[in-house]
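# Survey of secondary and tertiary structure
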Amino acid sequence: MTESNAKLEKVSIIISRGTLDGVYPGLIMANGARMEGIEANLFFTFFGLYAILKKFNNKLRIATVGNPALRVPGAKGVPLPTLFGMLPGMSAFATWMMKREMNKLDIPSVPEMLQMIDDAGGNIYACKATVDMFHLSNDDFIPQVKKVLTVGEFYELSHGAQIIFT
Amino acid sequence: MLTKNFNGVTISVNEEGYLTDRTQWTKEIAKAIAKEEGISELTDGHWRVIDFLQKDFIERGTLPSIRRLNTVGGIPTKELYALFPGGPLKKAAKIAGLPKPTSCV
C-alpha cells in the first residue's frame, strides 16, 4: 500500500479471444473495476466479438487443443494430451467442468455477466473492422452493445485510461 | 487496534474503517459512516441493502456478491450502483458494519 491517495480512475479493456477462458478475465476485470468505482470501457475485437453475439455468446468453450496447461480431471491432475483434446465432446466436457466450478463461486454466465457490467455502468463496444470482416449488423449483437467503434474512436474514449489487452 | 468516535460512541475499526466488532454497530453509526462515504441520507432503498447484507452475512458467514444481492436479495444491480455510487458493495458493507468484500465478482 502506498501512502498516496492516487487511484486508478479509468480502464479500457480489449477482449480479443473467443474462448471461454479468453473472455472471462476481461469481463471479471471490467466488472471488478466498476465495483471499485473505476470507469470501465470494454472493447470486443476479432474472435472476442463472439462474446457479444446473441446467438453464440452462451456457447463459448474452452480450447482443449493447443492448451498445454489444461489438466484433468481437475486443475492439479495430469496434462490432457493434445490428441485426446481432439476427441468429440472433450471441449464440451472441459467447459462444463469449468462452468460448474465458476457457478460455485457465484460467477455469472457470459451473457449474465455482460448484463451485470452494463447495469453497473460499464460500456460495451464492438470493433468496426471485425464487424465488417464478419459481415455483422446491429441485430446480431446483444442489446448491451452501445456502439460499433473504429480504433480511432476507441482511443478517443480511452483518453486518461489504462488500456488492457486480453 | 484503531478506534473511531461517532457522536460520543467509540467503536473499533481496522485501517480502512471497517468495524472489527460487528456487535458495536448501530443505525446511528451506520448513518455516520454513510456520511463519511458521501451518502448524506440513508433512504429505505439503502436500508434494504444493509438489512439483506447483515441477514445474509449472519446466515452464511460471508458477504453476498452483487449477483446474490440481485438474485436472492431482489436488489437490481443498477439500483445498487445508484444507491452507493463509487464502489457499491464495499461502501454498503462498511456502512452495514461488515468486513470488506473479498471476492472478485
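Residues numbered from 1 in each chain as written. Chains lettered and ligands numbered in written order. Predicted model: local features only at pLDDT ≥ 70, side-chain atom pairs only at ≥ 80, totals over all residues. Heavy atoms only, no water.

## Quick notes on the sheet that holds strand 1 (residues 10-15) of chain A
Residues and elements named next belong to chain A. For the record, the criterion: Between any two strands, at least two bridges found by DSSP are needed for them to pair. Numbering goes from the N terminus for both helices and strands, where a helix is a DSSP run of H or I of at least four residues and a strand is a run of E of at least two. Note on geometry: axes are lines fitted to C-alpha atoms, helical ones only across the stretch in contact, with angles between N-to-C directions running from 0 to 180 degrees.
Strand order in the open sheet made by the five strands is 6-5-2-1-7, with parallel pairing throughout. At either end of the open sheet lies a strand with only one pairing partner, and these are strand 6 (145-149) and strand 7 (162-165). Pairs of neighbouring strands in the sheet enclose a mean axial angle of 25°, with direction left out of account. As paired elements, strand 1 and strand 7 share four bridges and run parallel to each other.

## Quick look at the environment of Met86(A)
All names here are of chain A. The condition that has to hold: Relative accessible area decides the class of each residue, using a 1.4 Å probe on protein chains only: under 20% of the type maximum gives buried, over 50% gives exposed, and in between gives partly exposed.
Note that Met-86 resides in the loop between helix 2 (82-85) and helix 3 (90-104). Judged by relative accessible area, Met-86 falls into the exposed class, the value being 57%. Once the C-alpha coordinates of Met-86 and Gly-66 are considered, the two residues, 20 residues apart in sequence, prove to be 9.8 Å apart.

## With respect to the side chain of Asp119(A)
We count it as follows: Charge counting follows a simple rule: Lys and Arg are positive, Asp and Glu are negative, and His as well as the terminal groups are ignored. For this analysis, a salt bridge means a side-chain nitrogen from Lys or Arg found within 4 Å of a carboxyl oxygen belonging to Asp or Glu. By definition in these notes, contact holds between two residues if any of their heavy atoms fall within 4.5 Å.
Structurally, the position occupied by Asp119(A) is in helix 4 (residues 110-119). As a buried residue without a salt bridge, Asp119(A) has its nearest oppositely charged side chain in Lys78(B), at a separation of 4.3 Å. Non-local contacts of Asp119(A), meaning those with residues more than four positions away in its chain, are made with Thr77(B), Lys78(B) and Tyr81(B).

## Considering the pattern of salt bridges
Following the criterion strictly, the structure yields 15 salt bridges over all chains and no others. For the salt bridge of Glu36(A) with Lys90(B), the shortest nitrogen-to-oxygen distance reads 2.7 Å. You can see Glu36(A) sitting in the loop between helix 1 (20-35) and strand 2 (39-44) and its partner Lys90(B) sitting in helix 5 (residues 88-95), one on each of two chains. Given the relative accessible area of 33%, Glu36(A) is considered partly exposed. Salt bridges sharing common partners tie together Arg100(A), Glu101(A) and Lys104(A).

## Focus: the packing of aromatic side chains
Stated precisely, the cut-off is as follows: Within 6.5 Å between ring centres, the rings of Phe, Tyr and Trp (the latter by its six-membered ring) count as paired, and their orientation is classed by plane angle as stacked under 30 degrees, edge-to-face over 60, tilted in between. Charges are assigned to positions over rings by a cutoff of 6 Å between ring centre and Lys NZ or Arg CZ, combined with an angular limit of 35 degrees from the ring normal.
Under the criterion given, the structure shown has eight aromatic pairs over all chains. Taken together, the aromatic side chains of Phe47(A), Tyr50(A), Phe56(A) and Phe134(A) make up a single cluster linked through ring pairs. Lys94(B) extends its terminal NZ or CZ atom over the ring of Tyr18(B), reaching a point 5.2 Å from the ring centre.

## Describing the pairing of strand 1 of chain A
Residues and elements named next belong to chain A. The condition that has to hold: Handedness of a crossover is defined as follows: orient the strands so they point away from the viewer, and if the path from the first strand over the helix to the second runs clockwise, the crossover is right-handed.
With six of six residues buried, strand 1 lies mostly within the body of the structure. The side-chain alternation of strand 1 yields two buried faces, one formed by Lys-10, Ser-12 and Ile-14 and the other by Val-11, Ile-13 and Ile-15. Taken together, the six bridges between strand 1 and strand 2 define a ladder with parallel strand orientation. Within strand 2, the position partnered with Lys-10 by the bridge is Glu-39. Each parallel crossover has a hand, and the one from strand 1 via helix 1 to strand 2 is right-handed.

## Description of the packing of helix 1 of chain A against helix 4 of chain A
For any two helices packed against each other, the geometry comes down to the angle between their axes and how far apart the axes lie. Residues and elements named next belong to chain A. The test is simple: Note that the term roughly parallel is reserved for angles under 35 degrees, roughly antiparallel for angles over 145, roughly perpendicular for angles of 65 to 115, and oblique for everything else. Crossing handedness follows the turn of the near helix against the far one: under a right angle anticlockwise gives a left-handed crossing, and clockwise gives a right-handed one. Ten residues, namely Ala, Val, Leu, Ile, Met, Phe, Trp, Tyr, Cys and Pro, are considered nonpolar, four, namely Asp, Glu, Lys and Arg, are considered charged, and the remaining ones, Gly among them, are considered polar.
Their axes nearest at 10 Å, the elements helix 1 and helix 4 cross at an angle of 20°. As summarised for this structure, helix 1 and helix 4 are arranged roughly parallel, according to the angle between their axes. Once helix 1 is placed against helix 4, the crossing between them reads as left-handed. On helix 4, the residues touching Leu-20, Val-23, Tyr-24, Leu-27, Ile-28, Ala-30 and Asn-31 of helix 1 are Val-110, Met-113, Leu-114, Met-116 and Ile-117. In terms of residue class, the contact of helix 1 with helix 4 is built from 11 nonpolar, one polar and no charged.

## What to know about the domain arrangement of chain A
Residue and element names in this part refer to chain A. Selection criterion: Domain start and stop positions are those given by an automatic or database domain assignment. Once two parts are brought into contact, the accessible area they lose, counted with a 1.4 Å probe and summed over both, makes up the buried area. Two N or O atoms form a polar contact when they lie within 3.5 Å of each other; inside protein one atom must be a possible hydrogen donor and the other a possible acceptor, and for residues adjacent in sequence the pair counts only when both atoms belong to side chains.
Examined at the domain level, chain A breaks down into domain 1 (10-58 + 109-165) and domain 2 (66-107). Between the C-alpha centres of domain 1 and domain 2 the distance comes to 25 Å. Across the contact, five residues belong to domain 1 and four residues belong to domain 2. Between domain 1 and domain 2 lies a buried interface of about 440 Å² when both sides are counted; carbon and sulfur atoms form 74% of it. Among the residues of domain 1 in contact with domain 2, Leu-20, Asp-21 and Tyr-24 are the three that bury the most area, contributing 65% of the side total. Counting the contacts that link domain 1 with domain 2 gives zero salt bridges. On inspection of domain 1 and its partner domain 2, the count reaches zero residue pairs in polar contact (both at pLDDT 80 or more). Of the residues assigned to the side of domain 1 that touches domain 2, the class counts are three nonpolar, two polar and no charged.

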